[in-house]
Amino acid sequence: MRKNRIWSRSFKTIILAAGLAGVLQGMPAYADSIHTAKDGDTFYLLAKQYNVSMDKLMEANPEVDAKNIYNGVKLTIPGAEEGLTAFSTSGTEGPDQLLTVQPTLKVFSSENVVEAWGKTLNYTKTIQVKASAYSAAASENGKWGAVDYFGNPLELGTIAVDPKVIPMGTKVLVTGHSHANLPKAAFIATASDQGGAIKGNRIDIFIPGSQQSVKQFGFQDITLYILE
């Protein structure tokens, strides 16, 4: 959805791409599960999604060619529970560290507290926005390629914003969305991208996967919680 992107290569600030809340201790072990591949799936993305080692994932699927993971192929996910993944936001862990927790969302507006995926977060305000989505496709990312405004690789947790509404670097909890390649219920994102078409109460959410699958997001009404 981004058009006429504005870039500044002089920026040196590194904005951490935040992920979904959920730092838990002593997570239980899960039995192997089966994942039905869709367009855009790779061993790397699935390893992140299910919080498993990519080496173990590939060892569990020796018959699957890493360059030919096609729609409908069945993949064994070692020691994971399908669909319940979350990004850590402790500040020391990066978005590669995924945890298996329940996709819950509770809001305590009188205390400006929201509980997402078992972690309690403080927020300053909420913003209602119209959201679109974009992929890593070259046609959507201009001459600089699949990187954000600061030159960091696009990844789950990257959103493009109007900095007059949401300052760059702001962490938000995204809620009210629906897409197979996004965490359910809620996820934390960082305002680290911009776009010429993203003005006012608008955001553009980066979603890993094929351009065709990302287009299924369309336009959605989203509630953002601006995190402290």
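Residues numbered from 1 in each chain as written. Predicted model: local features only at pLDDT ≥ 70, side-chain atom pairs only at ≥ 80, totals over all residues. Heavy atoms only, no water.

**What about the pattern of salt bridges?**
Part 1 of the reasoning: Under the definition given, this model contains 2 salt bridges.
Part 2 of the reasoning: Between K38 and D41 there is a salt bridge, with its nearest N and O atoms 3.6 Å apart.
Part 3 of the reasoning: Using a relative accessible area of 22% as the deciding quantity, one classes K38 as partly exposed.
Part 4 of the reasoning: K130 serves as the salt-bridge partner of D221, at 2.8 Å between the closest nitrogen and oxygen. Here D221, found in strand β12 (residues 220-227), pairs with K130, found in strand β7 (residues 119-134); they are 91 residues apart in sequence, far enough to count as distant.
Part 5 of the reasoning: What makes D221 exposed here is its relative accessible area of 58%.
Part 6 of the reasoning: A relative accessible area of 35% means that K130 is categorised as partly exposed. (Salt bridge = Lys/Arg side-chain N within 4 Å of Asp/Glu carboxyl O. Buried < 20%, exposed > 50% of the residue type's maximum accessible area, 1.4 Å probe, protein only. Helix = DSSP H or I, 4+ residues; strand = E, 2+ residues; numbered from the N terminus.)

**Some points on the pairing of strand β11 (residues 202-206)**
Part 1 of the reasoning: With respect to burial, β11 is a largely interior element, 5 of its 5 residues being buried.
Part 2 of the reasoning: Covered by surrounding structure in β11 are R202, D204 and F206 together with I203 and I205, the residues of both alternating faces.
Part 3 of the reasoning: As paired elements, β7 and β11 share 5 bridges and run parallel to each other. When the sheet's bridge partners are listed, Y134 is paired in β11 with F206.
Part 4 of the reasoning: Here strand β8 (residues 158-161) pairs with β11 via 3 bridges, running antiparallel. The residue of β11 that forms the bridge with V161 is I203. (Pairing = 2+ DSSP bridges.)

**Comments concerning the environment of G40**
Part 1 of the reasoning: One can find G40 in the loop between β1 (33-36) and α1 (43-50).
Part 2 of the reasoning: For G40, a relative accessible area of 29% corresponds to the partly exposed category.
Part 3 of the reasoning: Linking G40 and N181, residues 141 residues apart in sequence, is a C-alpha distance of 9.6 Å.
Part 4 of the reasoning: Once you skip the residues sitting within four places of it in the chain, G40 turns out to touch L45, G209 and S210. (Contact = heavy atoms within 4.5 Å.)

**Observations regarding the side chain of N141**
Part 1 of the reasoning: Looking at where N141 falls in the secondary structure, it is placed in the loop between β7 and β8.
Part 2 of the reasoning: Polar contacts involving the side chain of N141 include one to the main-chain carbonyl oxygen of S135, which spans 3.0 Å.
Part 3 of the reasoning: At a separation of 2.7 Å, a polar atom in the side chain of N141 contacts the main-chain carbonyl oxygen of A137. (Polar contact = N/O pair within 3.5 Å; in protein donor to acceptor, adjacent residues only side chain to side chain.)

**Examining the confidence of the model for the protein chain**
Part 1 of the reasoning: Summing up the model confidence of the protein chain, the mean pLDDT is 78 and the portion of residues at 70 or higher is 76%.
Part 2 of the reasoning: For the stretch residues 3-30, pLDDT sits under 50, and the model shows 84 contacts to residues farther than four places along the chain or on other chains.
Part 3 of the reasoning: Per-residue pLDDT stays below 50 along residues 81-100; that stretch engages in 65 contacts with residues further than four places along the chain or on separate chains. (pLDDT = per-residue confidence, 0-100.)

**Thoughts on the environment of D193**
Part 1 of the reasoning: In this structure, D193 sits in strand β10 (residues 186-193).
Part 2 of the reasoning: Judged by its relative accessible area of 0%, D193 is buried.
Part 3 of the reasoning: Along the backbone, D193 and I159 are 34 residues apart, and their C-alpha atoms lie at a distance of 5.9 Å.
Part 4 of the reasoning: Among the polar contacts listed, one links the side chain of D193 to the side chain of Y134, at a separation of 2.8 Å.

**Observations regarding a nonpolar patch on the surface**
Part 1 of the reasoning: Among the surface-exposed residues, Y44, M54 and M58 lie close enough to one another that they form a single nonpolar patch of about 270 Å² accessible area.
Part 2 of the reasoning: Take M54: it is sitting in helix α2 (residues 54-59).
Part 3 of the reasoning: You can call M54 partly exposed: its relative accessible area is 34%. (Patch = residues over 30% accessible without salt bridge, like charges linked within 9 Å, V, L, I, M, F, W, Y side chains within 5 Å. Areas by Shrake-Rupley, 256 points an atom, 1.4 Å probe, with all protein chains shown as cover.)

**Focus: the packing of aromatic side chains**
Geometry of an aromatic ring pair is reported as the spacing of the ring centres plus the angle between the planes.
Part 1 of the reasoning: For the coordinates displayed, the defined rule picks out 3 aromatic pairs.
Part 2 of the reasoning: Each ring, one from Y123 and one from Y225, has its centre 5.0 Å from the other, and the planes form 80°; the classification is edge-to-face. Of this pair, Y123 sits in strand β7 while Y225 sits in strand β12, and the two are 102 residues apart along the sequence. (Phe/Tyr/Trp six-rings, centres within 6.5 Å; stacked < 30°, edge-to-face > 60°.)

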